[in-house]
Amino acid sequence: MAQEQNKPDALQQVPVIELRHIDKYFGTHHVLKDISLTVNQGEVVVIIGPSGSGKSTLCRTINRLETVDSGEIIIAGDVMPEEGKELARLRSEIGMVFQSFNLFAHKSIIDNVTIAPRDVLHRPKKEAYEEGMQLLKRVGVDNQAHKVPAQLSGGQQQRVAIARALAMHPKAILFDEPTSALDPEMIGEVLDVMTELAKEGMTMVIVTHEMNFARRVADRIIFMDGGIILEENTPEEFFTAPKTQRARDFLNSLKDRER
């Protein structure tokens, strides 16, 4: 069942991310096919589907980590250009958490969290440090602040990556398979942080294979296959009564794997 919502209805109708007729090719392979999607303020949208369905590519096109061949990307009402200062500004408003953490290996944890606020937002060093420490405390790793990433577990590194995204005060955060590189015992600690963010009203787009998490936290499930959005529904509706045979086959394959 989806999380209990305390979000005002009006807030949910304010678009933060809009994709309009997005097409993406890798060579001759048509990876995203006429994708249109709106994510409203405070909404948690979880994208699921089989490997190779275009989920991660879709996530990475939102802040143009992947270029698109046609269509528009709109962030809080502003069309995202292909390059230039406006692209950098809009990118800074959308946080990103990768499956492989992408922390600076030779910088301390606190430096990883504060470097962008200092260099991009021009926050004073002391102010950035104090907020960075608060964010590390929020995700439960403030006692690791002066270590380097290699001294932390994968779960701790991913929580640092979430703190780093939050330090930019983003309008939304994208999560691209945030637990897929983690050992099973570390997955829960990262999902707990994400669950708390959802309860607090953070706008999130999450690509994941964690179905129980998706069912619990999502406001909306997007099911993709073959570069197309095949279904879009509430978690309850999607998991109990999927509309397409492809979604039914996908969910049945997950149940078979669990047996």
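Just above sits the structure.
What you see is a predicted model, and the numbers here were worked out from it, not measured in a lab.

S.K.: Just checking my understanding: could you explain the packing of helix 4 (residues 109-119) against helix 6 (residues 154-166) for this structure?
M.R.: As a packed pair, helix 4 and helix 6 sit with axes 8 Å apart at the nearest point and diverge in direction by 25°. The orientation of helix 4 relative to helix 6 falls into the category roughly parallel. The chirality of how helix 4 crosses helix 6 is right-handed. Where helix 4 abuts helix 6, its residues Ile109, Asn112 and Val113 lie against Val160, Ala163 and Arg164. Of the residues in the contact of helix 4 with helix 6, the class split is four nonpolar, one polar and one charged.

S.K.: Is there a simple way to think about the sheet that holds strand 4 (residues 70-75) in this case?
M.R.: Adjacent strands of a sheet pair through backbone hydrogen bonds, lying either parallel or antiparallel. Overall, antiparallel pairing links the four strands, which are arranged 2-1-4-5 in an open sheet. The open sheet has two edge strands, strand 2 (29-40) and strand 5 (78-79), and neither has a second partner. Here strand 1 (residues 15-26) pairs with strand 4 via five bridges, running antiparallel. Bridged to Asp23 within strand 4 is Ser70.

S.K.: Explain the packing of aromatic side chains to me, please; I cannot follow it from the model alone.
M.R.: Each aromatic ring pair is characterised by the separation of its centres together with the angle its planes make. For the structure on display, the rule yields three aromatic pairs. A ring pair is formed by Phe223 and Phe238, whose centres lie 5.8 Å apart and whose planes are at 35°; its orientation type is tilted. With Phe223 in strand 9 (residues 220-225) and Phe238 in helix 9 (residues 235-240), this residue pair connects regions lying 15 residues apart in the sequence. Given a relative accessible area of 0%, Phe223 falls into the buried group. Ring pairing ties together the aromatic residues Phe223, Phe238, Phe239 and Phe250, which thus form one cluster.

S.K.: Got a minute to help me understand the side chain of Thr114 in this structure?
M.R.: Looking at where Thr114 falls in the secondary structure, it is placed in helix 4. When its relative accessible area of 3% is taken as the criterion, Thr114 is described as buried. Aside from chain neighbours lying at most four places away, what touches Thr114 is Ala128, Tyr129 and Gly132.

S.K.: Sorry, what's going on with the pairing of strand 1 here?
M.R.: Every regular strand shows the same layout, with side chains that alternate between the two sheet faces. Pairing of strand 1 with strand 2 involves eight bridges; the strand directions are antiparallel. Each bridged residue has a counterpart across the sheet, and for Pro15 the counterpart in strand 2 is Asn40. Counting the residues in the hairpin turn of strand 1 and strand 2 gives two residues, including Gly27, whose phi is positive at 65°.

S.K.: I keep staring at the environment of Asp142 and nothing clicks. Help me out?
M.R.: Looking at where Asp142 falls in the secondary structure, it is placed in the loop between helix 5 (125-138) and helix 6. Measuring from C-alpha to C-alpha, the distance between Asp142 and Gln245 comes to 47 Å, with 103 residues separating the pair along the chain. Apart from the residues lying within four places of it in its own chain, the contact partners of Asp142 are Met133, Leu136 and Lys137.

S.K.: What am I meant to see in the pattern of salt bridges here?
M.R.: Pairing is possible between side chains that carry opposite charge, provided their charged atoms lie close to one another. Taken as a whole, this structure holds 18 salt bridges when the rule is applied. The partner of Arg123 in a salt bridge is Glu131, and the shortest N-O contact between them spans 3.1 Å. In this pair, the class of Arg123 matches that of Glu131, namely buried. Where salt bridges share partners, they join Asp78, Glu86, Arg89, Glu93 and Lys171 into one cluster.

S.K.: I'm lost on the side chain of Asp176 in this one. Help?
M.R.: One can find Asp176 in strand 7 (residues 172-176). No salt bridge is formed by the buried Asp176; the nearest opposite charge belongs to Arg60, separated by 4.6 Å. Beyond its immediate stretch of four places on either side in the chain, Asp176 contacts Ser56, Cys59, Arg60, Met96, Val97, Phe98, Gln99 and Val207.

Reading the values: rules and limits
- Residues numbered from 1 in each chain as written.
- Predicted model: local features only at pLDDT ≥ 70, side-chain atom pairs only at ≥ 80, totals over all residues.
- Heavy atoms only, no water.
- Axes fitted to C-alpha atoms, helices over the stretch in contact; angles between N-to-C directions.
- Helix = DSSP H or I, 4+ residues; strand = E, 2+ residues; numbered from the N terminus.
- Parallel < 35°, antiparallel > 145°, perpendicular 65-115°, else oblique.
- Left-handed = near helix turned anticlockwise from the far one by under 90°.
- Contact = heavy atoms within 4.5 Å.
- Nonpolar A, V, L, I, M, F, W, Y, C, P; charged D, E, K, R; others polar.
- Pairing = 2+ DSSP bridges.
- Phe/Tyr/Trp six-rings, centres within 6.5 Å; stacked < 30°, edge-to-face > 60°.
- Buried < 20%, exposed > 50% of the residue type's maximum accessible area, 1.4 Å probe, protein only.
- Salt bridge = Lys/Arg side-chain N within 4 Å of Asp/Glu carboxyl O.
- Lys, Arg positive; Asp, Glu negative; His and termini not counted.

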